[in-house]
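# Architecture at a glance
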Amino acid sequence: MKRALKATAAILILATLLVLSGTFYTLQEGEQAVIVQFGRPVGATVTQAGLHVKLPFVQEVRRFEKRLLIWDGDPNQIPTKGREFIWVDTTARWRIADAKKFLESVATEAGAQSRLNDIIDSVVRDQVSGSELVELVRSASWEVPEGEVLEEVPAEVREELTKEVTRGREEITRTILTEARRVIPQYGIELVDVRIKRLNYVESVREKVYARMISERKRIAAKFRSEGEGRSAEILGTMERELRQIRSTAYRRVQETRGKADAEATKIYGAAYTRDPEFYAFSRTLEAYKEGQNKNSTLILTTDADYYRYFKDATGRAPGTPRPAR
């Protein structure tokens, strides 16, 4: 009898524990739950963290995130309005706004991610294909650079830089968000934000762009090199001109100084020689005798020539006549 009572008590305790464990459940911060009975949601969505009660065995708890969730789409190759093929990589932030509707429509986060792929990718494709590339890259508040910056870029790029942007990247992303939000609520999802993470040319176009960039850099380098050579020639020309001017000025001063010195010497010589003209004639004749002594030259003169005048006066006879006998 006692054994039967003990067994019965144990069974009752175990049954009580099973009932209690199936009756109470807890929710963590950042979680929300939907009570499902026989596969269908019942009651309101539970959003408060803490201890909650449900019917044991017939009801179960489906838990969902209450925080922001991340959606990252696969990069897609999309043509722009100008037929430039680009890779577009998009990301979004979303949350489960109505857990019951979410459970009935997509059931799980994986199903929601798949549905977001279809909706956001479709909207992004429509917006990108209907926009110019410059609108996808720049914002509407972007200001056109001025001065020498525009002079260093090619004409076609300069035209794109100066083109007025009516929409801009921010407005395009806002339009994508607005269009996607029109469809998303039926799945119990709130789309918080959509952003374009990255834009890039496809490989074939990228190679052409790189080739054009290299060609443009070479053109700019050649321009700088040409300007440098021109500046160098200008500096060298200025240096040569200034050097010739300095040399000319120095030569003029030398000649002026030399002329003044020669004039002064001539003046001194003239003043000295005018005191005794005969001595001056005699001195000049001696210099002529000295300069005329050259073993390789022969002078043929008469005895009456002035060249021998001082010899005549010194000896009293003509040169070449024999001395008188003593």
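On the basis of which strands lie adjacent, the open sheet formed by three strands has the order 3-2-5 and antiparallel pairing. The open sheet has two edge strands with one neighbour each: strand 3 (40-46) and strand 5 (59-65). Each strand axis lies, on average, 30° off the axis of its neighbour in the sheet, ignoring direction. Note: strand 2 (residues 31-37) against strand 3, four bridges, orientation antiparallel. Along strand 3, the bridge assignment pairs I35 with V42.

Counted at 1.5 Å a residue, the expected span for helix 7 (residues 169-181) with its 13 residues is 18 Å, and the 18 Å between its end C-alpha atoms agrees. For helix 7, the secondary structure elements touched by its buried residues are helix 3 (109-129), helix 4 (133-137) and strand 9 (189-201).

Let's shift gears to the packing of aromatic side chains. Applying the stated criterion to the full structure yields two aromatic pairs. The structure contains a cluster of three or more aromatic residues connected by ring pairs, namely F64, W94 and F102.

With that out of the way, let us pick up the pattern of salt bridges. Scanning all chains against the criterion turns up 10 salt bridges. Between E179 and R182 there is a salt bridge, and its shortest N-O distance comes to 3.4 Å. Counted as one network, the salt bridges with shared partners bring together D72, D89 and K197.

Where strand 7 (residues 76-79) and strand 8 (residues 85-96) come together, four bridges link them in antiparallel fashion. Note that in strand 8 the partner of I78 across the bridge is I86. Hairpin connection between strand 7 and strand 8: a loop of five residues separates the two successive antiparallel strands, and R83 in this loop has a positive phi of roughly 70°.

The nonpolar side chains of a soluble globular protein tend to be buried, and buried together. Membership of the largest hydrophobic core comes to 34 residues, with the highest contact counts inside it found for W94, F102 and L191. Elements represented by at least two residues in this core include exactly strand 2, strand 6 (69-72), strand 8, helix 2 (99-105), helix 3, helix 4, helix 7 and strand 9. Sorting elements by how many residues they give to this core places helix 3 first, with seven residues. Counting residues in hydrophobic clusters, the runner-up holds six residues, among them L27, A33, I35 and V61.

Further remarks concern the packing of helix 3 against helix 7. Their axes nearest at 9 Å, the elements helix 3 and helix 7 cross at an angle of 140°. The pairing of helix 3 with helix 7 is recorded here as oblique in orientation. For the element pair helix 3 and helix 7, the recorded crossing hand is right-handed. In contact with I119, V123, V124 and Q127 of helix 3, helix 7 contributes I172, T175, I176, E179 and A180.

This brings us to helix 3. With 21 residues, helix 3 ought to run about 30 Å at 1.5 Å a step, and its terminal C-alpha atoms sit 29 Å apart, in line with that. Listing the buried residues of helix 3 in full gives A112, L116, I119, I120, D121, V123, V124, Q127 and V128.

In this model, the protein carries a mean pLDDT of 81, and residues with pLDDT of at least 70 account for 79%. Of all secondary-structure elements in the protein, the lowest mean pLDDT belongs to helix 5 (residues 148-151), at 55, while strand 6 reaches the highest, 94.

What follows deals with unusual backbone geometry. One non-glycine residue, F38, lies in the positive phi region at around 55°. For F38, a relative accessible area of 67% gives the class exposed. The phi dihedral of R83 falls on the positive side, at around 70°, and the residue is not glycine.

Conventions we followed
- Residues numbered from 1 in each chain as written.
- Predicted model: local features only at pLDDT ≥ 70, side-chain atom pairs only at ≥ 80, totals over all residues.
- Heavy atoms only, no water.
- Pairing = 2+ DSSP bridges.
- Helix = DSSP H or I, 4+ residues; strand = E, 2+ residues; numbered from the N terminus.
- Axes fitted to C-alpha atoms, helices over the stretch in contact; angles between N-to-C directions.
- Expected span 1.5 Å × (residues − 1).
- Contact = heavy atoms within 4.5 Å.
- Phe/Tyr/Trp six-rings, centres within 6.5 Å; stacked < 30°, edge-to-face > 60°.
- Salt bridge = Lys/Arg side-chain N within 4 Å of Asp/Glu carboxyl O.
- Core = buried A, V, L, I, M, F, W, Y, C linked by side-chain atoms within 4.5 Å.
- Buried < 20%, exposed > 50% of the residue type's maximum accessible area, 1.4 Å probe, protein only.
- Parallel < 35°, antiparallel > 145°, perpendicular 65-115°, else oblique.
- Left-handed = near helix turned anticlockwise from the far one by under 90°.
- pLDDT = per-residue confidence, 0-100.

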